[in-house]
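Given next are the chains, with one letter for each unit.
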Amino acid sequence: MNASTETYSAECARLVQALRTVDAVAIGAGAGLSAAAGFLYSGARFQTYFSDFARAYGIRDMYSGGFYPFETREEYWAWWSRHIYYNRFVSPPQPVYETLLQLVRHKDYFVLTTNVDHLFQKAGFDRARLFYTQGDYGLWQCSVPCHQKTYDNETAVRTMLAEQHNMRIPSALIPQCPVCGKPMSMNLRSDATFVQDAGWYAAQQRYDAWIHRHAHGTVLYLELGVGSNTPGIIKYSFWEFTRHNSDALYACVNYDMAVCPEEIAPQAILIRADIAAVLDELTAAVRVAAE
């Protein structure tokens, strides 16, 4: 593996040049991008919205709370309605996604992401250029599942949030599958029950077509905030696409670690820094270069 050894300013300058000159940009986005926008799952934000759950159940962050074995569905949906609302239906405090869009909006771009918070859509990215591989907080599915369909949950979530008391929702609000009557569940990839509906497959086909169209030529594979939970979805595939195209560049911006295989090191731009700060600097540099 090759780690970032160039100076921060030098690597940023290379990335600015790439953003100005390549024909296409593939964005691979992980949880670090949303964290940079202010969607943190621990610390003060967690305490603001979930201090009662922390005291009652010993939950210490939003991520682990999603796996807590609540004894009743009233408790389970009190947690999840609150989790969904504050991570799907409110806007993040920092305009990181909007800044990213300004950098790529004039390029032939496509977004591959493991995030489930809808922030790309909220920022104005073209829905036809997005592939959410791991689901969406705004969708429910049958927990069995008895059929391959997902359901918008915003109205139900807002009602649950408004009517929950003592970390429980009214029993009448527990969602059930409209087909088989079994409990509904989150449309999040956590096991073999994950529903890949018609929209999921359509997005996959558009992404595959984009990748095929840009198998050659100048393309930037821009990885932002991707961790080690599911590296095969974005990180490894971006490395492979770069390896097979001598005109491609791979850029990784990650606060904790920015690495790549030695094999593609000459084509790599590795920046270990805060994503929000990097995107702001890139925006300023691109603006100056265009003047």
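Residues numbered from 1 in each chain as written. Predicted model: local features only at pLDDT ≥ 70, side-chain atom pairs only at ≥ 80, totals over all residues. Heavy atoms only, no water.

Draft legend 1. How the structure looks around the nonpolar core. Counting 71 residues, the largest nonpolar core has Leu15, Leu33, Phe120 and Phe125 as the members making the most contacts within it. Considering each element in turn, this core owes the most residues, seven residues, to helix H5 (residues 73–88). (Core = buried A, V, L, I, M, F, W, Y, C linked by side-chain atoms within 4.5 Å. Buried < 20%, exposed > 50% of the residue type's maximum accessible area, 1.4 Å probe, protein only. Helix = DSSP H or I, 4+ residues; strand = E, 2+ residues; numbered from the N terminus.)

Draft legend 2. Representation of the packing of helix H1 (residues 8–21) against helix H11 (residues 275–290) within the structure. Close contact between H1 and H11 brings their axes to 10 Å; oriented N to C, the two are set at 60°. It follows that H1 is oblique to H11 by the angle criterion. At the point where H1 passes H11, the crossing takes the right-handed sense. Contact residues: H1 offers Tyr8, Cys12, Leu15, Val16, Leu19 and Arg20, while H11 offers Ala277, Val278, Glu281, Leu282, Ala285, Val286 and Ala289. Looking at the contact of H1 with H11 residue by residue, the class counts come to 11 nonpolar, no polar and two charged. (Axes fitted to C-alpha atoms, helices over the stretch in contact; angles between N-to-C directions. Parallel < 35°, antiparallel > 145°, perpendicular 65-115°, else oblique. Left-handed = near helix turned anticlockwise from the far one by under 90°. Contact = heavy atoms within 4.5 Å. Nonpolar A, V, L, I, M, F, W, Y, C, P; charged D, E, K, R; others polar.)

Draft legend 3. Highlighting unusual backbone geometry. The amide bond that connects Val144 to the next residue, Pro145, takes the cis arrangement and shows omega of -10°. You can see Pro145 is positioned in the loop between strand E5 (135–142) and strand E6 (150–152). The phi angle at His118 is positive, at roughly 70°, despite the residue not being glycine. Tracing the backbone through its elements, the reader meets His118 in the loop between strand E3 (108–113) and helix H7 (119–123). Judged by its relative accessible area of 14%, His118 is buried. Phi at Asn166 is positive, roughly 55°, even though this residue is not glycine.

Draft legend 4. How the structure looks around the sheet that holds strand E8 (residues 219–224). If you walk across this open sheet you meet the six strands as E4-E3-E2-E8-E9-E11, and the pairing is parallel. Pairing within the sheet leaves two strands with one partner each, and these edge strands are strand E4 (130–132) and strand E11 (268–271). Neighbour to neighbour, the strand axes of the sheet diverge by 10° on average, direction disregarded. Sheet topology places E8 next to strand E9 (residues 249–253); five bridges connect them, and they run parallel. Looking across to E9, one finds that Glu223 is bridged to Cys252. Against the sheet, helix H9 (residues 198–213) engages strand E2 (24–29), E3, E4 and E8, with an angle of about 130° to E3. (Pairing = 2+ DSSP bridges.)

Draft legend 5. Spotlight on the layout of surface pockets. Roughly 420 Å³ of volume is contained in the second largest pocket. As for the second largest pocket, its lining consists of 21 residues, of which Arg127, Tyr132, Asp136, Leu139 and Gly199 are closest to the centre. Breaking the lining of the second largest pocket down by element, the ones donating at least two residues are E4, E5, E6 and H9. Tallied by class, the residues present in the lining of the second largest pocket amount to eight nonpolar, seven polar and six charged. (1 Å grid on protein atoms, 1.4 Å probe; cavity = no way out; pocket = protein on both sides within 12 Å on 5 of 7 lines; lining within 4 Å. Points joined across faces, edges and corners; volume = space filled by probe spheres on them.)

Draft legend 6. Representation of the packing of helix H6 (residues 96–104) against H11 within the structure. Running from N to C, H6 and H11 cross one another at 35°; their axes reach a closest spacing of 10 Å. The two elements H6 and H11 meet at a crossing, and its hand is left-handed. Contacts between H6 and H11 involve Val96, Thr99, Leu100 and Leu103 on the former and, on the latter, Ala276, Leu279, Asp280, Leu282, Thr283 and Val286. Residue classes in the contact of H6 with H11 are distributed as seven nonpolar, two polar and one charged.

Draft legend 7. Representation of the packing of aromatic side chains in the model. If you walk through the whole model with that rule in mind, you get 29 aromatic pairs. A centroid spacing of 5.6 Å and a plane angle of 50° characterise the contact between Phe110 and Tyr207, whose relative ring orientation is tilted. Taken together, the positions of Phe110 in strand E3 and Tyr207 in helix H9 put the pair 97 residues apart, joining distant regions of the chain. Tyr207 matches Phe110 in its accessibility class, with the two residues each being buried. (Phe/Tyr/Trp six-rings, centres within 6.5 Å; stacked < 30°, edge-to-face > 60°.)

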